[in-house]
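Observations on the model geometry
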Amino acid sequence: MVLSLLSTVKEVMEPIRYRDTLSQDTDINICIQEKFYSVVISFADCLKDLTDIIEAESTCEKETIVSSPDKTPAPSTSTSTTKEERLVLVLGNCRHTILTIIPTLLDTFKSHGYISANDDTIDNKSLERYSKLERSIFDKYVNSKDAFLFGDILQFLDPSSFPWAYCNPPVSINIFVQELALKLVMAQAELHNIEKDLLKRIIGHLLENVTLKVCGMITKVDRFCKNGALQARLDILACLLLFKNNMTSKCKSTMEDTLNSIPISDISAEDEAMLTMLLDRFKVENSVLLSCLDYSPEGDKPFSPGHGTGDSFGRRRSQKRLVKTKPIRSPPLQSNI
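Owing to the predicted nature of the structure, the values given are computational and were not obtained by experimental measurement. (Residues numbered from 1 in each chain as written. Predicted model: local features only at pLDDT ≥ 70, side-chain atom pairs only at ≥ 80, totals over all residues. Heavy atoms only, no water.)

The subject of this paragraph is the overall build of the protein. A tally of regular secondary structure across the protein gives ten helices and zero strands. Listing the helices and strands of the protein from first to last along the sequence gives α-α-α-α-α-α-α-α-α-α. The burial tally for the protein puts 41% of its 337 residues in the buried class. Just so you have it, the protein exposes about 18,700 Å², and 54% of that area is on carbon and sulfur atoms. (Helix = DSSP H or I, 4+ residues; strand = E, 2+ residues; numbered from the N terminus. Buried < 20%, exposed > 50% of the residue type's maximum accessible area, 1.4 Å probe, protein only. Areas by Shrake-Rupley, 256 points an atom, 1.4 Å probe, with all protein chains shown as cover.)

Okay, here's the thing in structure tokens:
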């Protein structure tokens, strides 16, 4: 794009080089401003076309697999990257153009008098076009990642998939929590390798979707028995533990509200001690997973489940304090699902 603009300046200067000075300056400025906007927008069109091609190729691949279920599709020789990786690359180019290329070019052209220093028309029109394109690509990527995150575990997020009203005492975190964490690590690694600057924004957005689905499942439960309430609290606490360094304020608030909405009237100090033991054991057995998720973007403070109006179990501070008990030796973990 920069080379194209330099070539444009030369083309504009040549035919009007020998005109009188006053009309020459006016003609040059008008022509260069028009060409500047044209070149900048044409690059935006290229990025949009690339996005459309990525979407079209992905659709064709899916149709090929569906139409030939008994045949293993041959590996693609045109690219070694996934649809999501290519979308991130295009998104990164779009962001770099917004944050670096356009401001630098505008400053250069304004410093030479080709664009008025007080004229923000081209700035606003260019940035508006790129911002709209960036949002479109961002939504495409997040929607694709949502399908990846929830594709295999939607069955576990149905309120009717777990017997909340008549289940046994919890012995482990529900399996969908760990599955979500594993897939989030994969998404985080993909972003870290390709476009690190987008990591905080995209992971935060994905976590908001995770929070809505997990908390939505809990809030839609008609009735909890005591064991069901304990299991729900354990699952929410595990999510807070796993995702604390990447959670947005919206995620934190939603999970705190959900935690406080779970019935606690029948929960004793012994029950709380059991939850503490299970959560501690979960941390030990999933230390590698926790270390992979232990990415705290600059300026984002880690979140503690006890932050805010409740304690580490989401209980109001007016509730009685926990009774300290010694951890008991428990049997191997088993899934409740």
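Next up on the list: the nonpolar core. Counting residues in each nonpolar core, the largest one holds 82 residues, and the members touching the most others are Leu 242 and Phe 243. It is helix H7 (residues 226-243) that provides the largest number of residues to this core, a total of twelve residues. Not counting the four nearest positions on each side in its chain, Leu 242 is found in contact with Val 177, Ala 181, Phe 282, Leu 289, Leu 290 and Leu 293. (Core = buried A, V, L, I, M, F, W, Y, C linked by side-chain atoms within 4.5 Å. Contact = heavy atoms within 4.5 Å.)

This next bit is on the packing of aromatic side chains. One pass over the full model with this rule turns up three aromatic pairs. Plain terms: the ring middles of Trp 164 and Phe 224 are 5.8 Å apart, the flat faces sit at 70 degrees to each other, and that makes the pair edge-to-face. Within this pair, whereas Trp 164 is found in the loop between helix H4 (121-150) and helix H5 (175-194), its partner Phe 224 is found in the loop between helix H6 (199-219) and H7, the two being separated by 60 residues in sequence. In this structure, Trp 164 and Phe 224 share a single accessibility class: buried. Put simply, the rings of Phe 162, Trp 164 and Phe 224 pair up and form one aromatic cluster. The positively charged end of Lys 183 is found above the aromatic ring belonging to Phe 148, 5.4 Å away from the centroid. One residue, Arg 201, lies across the ring of Phe 138, its end atom 4.1 Å from the ring centre. (Phe/Tyr/Trp six-rings, centres within 6.5 Å; stacked < 30°, edge-to-face > 60°. Lys NZ or Arg CZ within 6 Å of the ring centre and 35° of its normal.)

Quick look at the packing of helix H3 (residues 83-111) against H4 now. One way to put it is that H3 packs onto H4 with a least axis distance of 9 Å and a crossing angle of 165 degrees. If you check the angle between H3 and H4, you find them roughly antiparallel. Crossing of H3 against H4: the hand is left-handed. Within the contact of H3 with H4, the residues separate by chemical class into 15 nonpolar, four polar and eight charged. (Axes fitted to C-alpha atoms, helices over the stretch in contact; angles between N-to-C directions. Parallel < 35°, antiparallel > 145°, perpendicular 65-115°, else oblique. Left-handed = near helix turned anticlockwise from the far one by under 90°. Nonpolar A, V, L, I, M, F, W, Y, C, P; charged D, E, K, R; others polar.)

A separate point is the side chain of Lys 110. Turning to its location among the elements, Lys 110 is positioned in helix H3. Here the side chain of Lys 110 touches Asp 123 through a polar contact of 3.2 Å, side chain to side chain. Discounting chain neighbours no more than four positions away, the residues touching Lys 110 are Ile 115, Ser 116, Ala 117, Asp 119, Asp 120 and Asp 123. (Polar contact = N/O pair within 3.5 Å; in protein donor to acceptor, adjacent residues only side chain to side chain.)

Considering all chains together, one arrives at zero disulfides under this definition. For Cys 215, which is in no disulfide, the shortest distance to another cysteine sulfur is to Cys 239 and amounts to 7.5 Å. (Disulfide = S-S within 2.5 Å.)

Relative to each other, H5 and H7 sit at 15 degrees, their axes nearing to 10 Å. Relative to H7, the element H5 is oriented roughly parallel. Handedness of the crossing formed by H5 with H7: right-handed. Contact residues: H5 offers Phe 176, Val 177, Ala 181 and Leu 184, while H7 offers Asp 235, Ala 238, Cys 239, Leu 242 and Phe 243. A per-class count over the contact of H5 with H7 returns eight nonpolar, no polar and one charged.

Take the environment of Lys 213 next. Mapped onto the elements of the fold, Lys 213 is located in helix H6. Excluding residues within four positions of it along the chain, Lys 213 makes contact with Phe 150 and Leu 157.

Time to look at the environment of Leu 278. Along the chain, Leu 278 turns up in helix H9 (residues 269-285). Residues Leu 278 and Ser 172, 106 residues apart in the sequence, show an inter-C-alpha distance of 6.4 Å.

Oppositely charged side chains can form a pair if their charged atoms are brought close together. With the rule as written, the count across this model stands at eleven salt bridges. Ionic pairing is found between Glu 57 and Arg 86, a salt bridge with its closest N-O pair at 2.6 Å. Here Arg 86 lies in helix H3 and Glu 57 lies in helix H2 (residues 21-67), a separation of 29 residues in the sequence. Accessibility expressed as a relative area gives 12% for Arg 86, which makes it buried. Salt bridges sharing common partners tie together Arg 95, Glu 134 and Arg 201. (Salt bridge = Lys/Arg side-chain N within 4 Å of Asp/Glu carboxyl O.)

Looking now at H9. Given a rise of 1.5 Å per residue, 17 residues ought to cover 24 Å, and the 24 Å separating the end C-alpha atoms of H9 matches this to within 8%. Listed as buried for H9 are Ala 269, Asp 271, Glu 272, Leu 275, Met 277, Leu 278, Leu 279, Arg 281 and Phe 282. Buried-residue contacts for H9 involve H7. (Expected span 1.5 Å × (residues − 1).)

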